Amino acid sequence: MEKVKIDEIELVLSHPDQQKRSWIGQEELMEQILACWLVVAPEDLPLCPRLVGKPGMGKTTLAMAAAARLEKPVYIYQCTMDTRPEDLIITPVLAESGKIQYHASSLVTAAIRGGIAVLDEANRMSEKSWASLAPLLDHRRYVESIVAGVKIHAHPDFRCCVTMNDDASTYEVPDYITSRLQPMIQLEFPEREEEMAILRYNLPFAPEEILNLTLDFLQRSHEARLDYSIRDGLSIARYALKIRNYHSRERKFPWKDTFQKAVKQTLGEDALDIKKRSSQINRQHLTNLAFLEDFFTSEKDWMDGNEETE
């Protein structure tokens, strides 16, 4: 275990993530995050961008690949709705000796070592957890641990970004935190050539038939504004390959049959009927809009808010 002492308090540091990731296509996104982390003058400070997109779009991969291009260690913290402020900073742990050890989180370790911290799925955290990070995310660049009684200043090389899922399972991020997580880098679905390159990179052992079937399915889904991501496509293709390798009888049928079976078991029975699935989602969206409109009784209410008039 690697340890450091700050103000006479010994901290046990976390380990960086050793997995190397590459970023394929959409180079403008890579340029945006690297520009955020650039310091252009001695008085300048790096920005902490938020990477926003649907689940499975590659937000964490982008952050890890950006860290790799800078040849910096990357520390990933997986945020959840149960994340407590002390989890993000320093956690007391009872050691074998019976003494209390203070373990620095991956975020704080990155701040001490001058690495790159990625708060993954950060908008699953509560406002209370966000509040503990406010001084680290602005010009002060430090965090305070009430548990250990220590203030930790970030290394000049410390960089940070957060990933946020654009779906209904997340919390609203407080405005005072959003103002510290600028700018927003929005991830969109890749173009056809880029998506095929991603599939080939992740599945170099897959035959062309399964790659083409997966690509066509994903591109049709994107056109229909469905949320099926490249991660879904990789799961489908991997499962189809495993079915063909495990069951010899599957190899008697065309690849298309195996692929369709993999889609149904991965995404559900309706997933193959892209037109029907798209219609279902659009109807739900319209239902939600109608529900919202119930709060407004006239055009004036819509413009002025739902205030009662005499």
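Residues numbered from 1 in each chain as written. Predicted model: local features only at pLDDT ≥ 70, side-chain atom pairs only at ≥ 80, totals over all residues. Heavy atoms only, no water.

As for the overall build of the chain
Part 1 of the reasoning: Per the secondary structure count, the chain includes 13 helices and eleven strands.
Part 2 of the reasoning: In terms of principal-axis extent, the alpha carbons of the chain reach across some 70 × 70 × 45 Å.
Part 3 of the reasoning: Burial analysis of the chain (310 residues in total) assigns 43% to the buried set.
Part 4 of the reasoning: Expressed as a percentage of contacts within the chain between residues at least 6 apart in sequence, the contacts between residues at least 24 apart total 70%.
Part 5 of the reasoning: For the chain, the computed accessible surface area is about 17700 Å², with 50% contributed by carbon and sulfur atoms.
Part 6 of the reasoning: Here the chain holds 38 positive side-chain charges and 49 negative ones, and the gap between their average locations is 9 Å. (Helix = DSSP H or I, 4+ residues; strand = E, 2+ residues; numbered from the N terminus. Buried < 20%, exposed > 50% of the residue type's maximum accessible area, 1.4 Å probe, protein only. Contact = heavy atoms within 4.5 Å. Areas by Shrake-Rupley, 256 points an atom, 1.4 Å probe, with all protein chains shown as cover. Lys, Arg positive; Asp, Glu negative; His and termini not counted. Charge placed at Lys NZ, Arg CZ, Asp CG, Glu CD.)

Side note on helix α9 (residues 208–223)
Part 1 of the reasoning: When the terminal C-alpha atoms of α9 are compared, their 22 Å separation across 16 residues agrees well with the 22 Å that a helix rising 1.5 Å per residue should span.
Part 2 of the reasoning: Buried residues of α9: I210, L211, T214, L215, F217, L218, Q219, S221 and H222, and no others. (Expected span 1.5 Å × (residues − 1).)

Quick notes on the nonpolar core
Part 1 of the reasoning: The biggest cluster of nonpolar side chains holds 40 residues, and the ones touching the most others in it are L119, W130, I152 and F158.
Part 2 of the reasoning: Ranked by the residues each element gives to this core, the list is headed by helix α4 (residues 106–113), at five residues.
Part 3 of the reasoning: Membership of the second largest hydrophobic core comes to 25 residues, among which are M196, F217, A237 and L241. (Core = buried A, V, L, I, M, F, W, Y, C linked by side-chain atoms within 4.5 Å.)

Concerning unusual backbone geometry
Part 1 of the reasoning: Between Q182 and P183 the backbone carries a cis peptide bond, its omega angle lying at -5°.
Part 2 of the reasoning: With respect to the helices, strands and loops of the structure, P183 is situated in the loop between α7 (175–178) and β11 (184–186).
Part 3 of the reasoning: Residues other than glycine seldom take positive phi values, yet Q26 does so here, at roughly 40°.
Part 4 of the reasoning: Secondary-structure assignment places Q26 in the loop between β2 (9–12) and α1 (27–37).
Part 5 of the reasoning: Here R225, not a glycine, exhibits a phi torsion of approximately 60°, which is positive.
Part 6 of the reasoning: Of note, R225 is situated in the loop between α9 and α10 (230–246).

What to know about the sheet that holds strand β3 (residues 50–53)
Part 1 of the reasoning: On the basis of which strands lie adjacent, the open sheet formed by five strands has the order β4-β7-β10-β3-β11 and parallel pairing. Looking along the sheet, the strands with just one partner apiece sit at the ends: β4 (74–78) and β11. In this sheet, adjacent strand axes meet at a mean angle of 20° when their direction is disregarded.
Part 2 of the reasoning: Bridge count between β4 and strand β7 (residues 116–120): five bridges; the pairing is parallel. Bridge assignment links I76 to a residue of β7, and that residue is V118.
Part 3 of the reasoning: Helix-sheet contacts for α1 involve β3, β7, β10 (159–165) and β11, and the interaxial angle to β11 is about 170°.
Part 4 of the reasoning: Sheet strands in contact with α4 are β4, β7 and β10, and its direction is about 155° off that of β4. (Pairing = 2+ DSSP bridges. Axes fitted to C-alpha atoms, helices over the stretch in contact; angles between N-to-C directions.)

A closer look at the pairing of β3
Part 1 of the reasoning: Judged by which residues are buried, β3 turns out to be covered on both faces: R50 and V52 on one side and L51 and G53 on the other are all buried.
Part 2 of the reasoning: One ladder, built from four bridges, connects β3 with β10; its direction is parallel. Pairing of L51 across the sheet is with T163, part of β10.
Part 3 of the reasoning: Judged from the three bridges that link them, β3 and β11 form a sheet pairing that is parallel. Each residue of the ladder has a partner; that of R50, found in β11, is M184.

Some remarks on the sheet that holds β2
Paired through backbone hydrogen bonds, the strands of a sheet run either parallel or antiparallel to each other.
Part 1 of the reasoning: Here four strands make up an open sheet; going across it, the order is β1-β2-β6-β5 and the pairing mixed. The open sheet is flanked by β1 (3–6) and β5 (90–94), the only strands paired with a single partner. Along the sheet, successive strands turn relative to each other by an average axial angle of 40°, direction set aside.
Part 2 of the reasoning: Both β2 and strand β6 (residues 100–104) contribute to a ladder of two bridges, which runs parallel. Bridging across to β6, L11 finds its partner in Y102.

Some thoughts on the confidence of the model for the chain
Part 1 of the reasoning: Considering every residue of the chain, the mean pLDDT works out to 89; 90% of them sit at 70 or more.
Part 2 of the reasoning: This model gives residues 295–299 a pLDDT under 50, and the stretch forms three contacts once residues within four places in sequence are excluded.
Part 3 of the reasoning: Across residues 305–310, where pLDDT falls below 50, the model places five contacts with residues more than four positions away in sequence or in other chains. (pLDDT = per-residue confidence, 0-100.)

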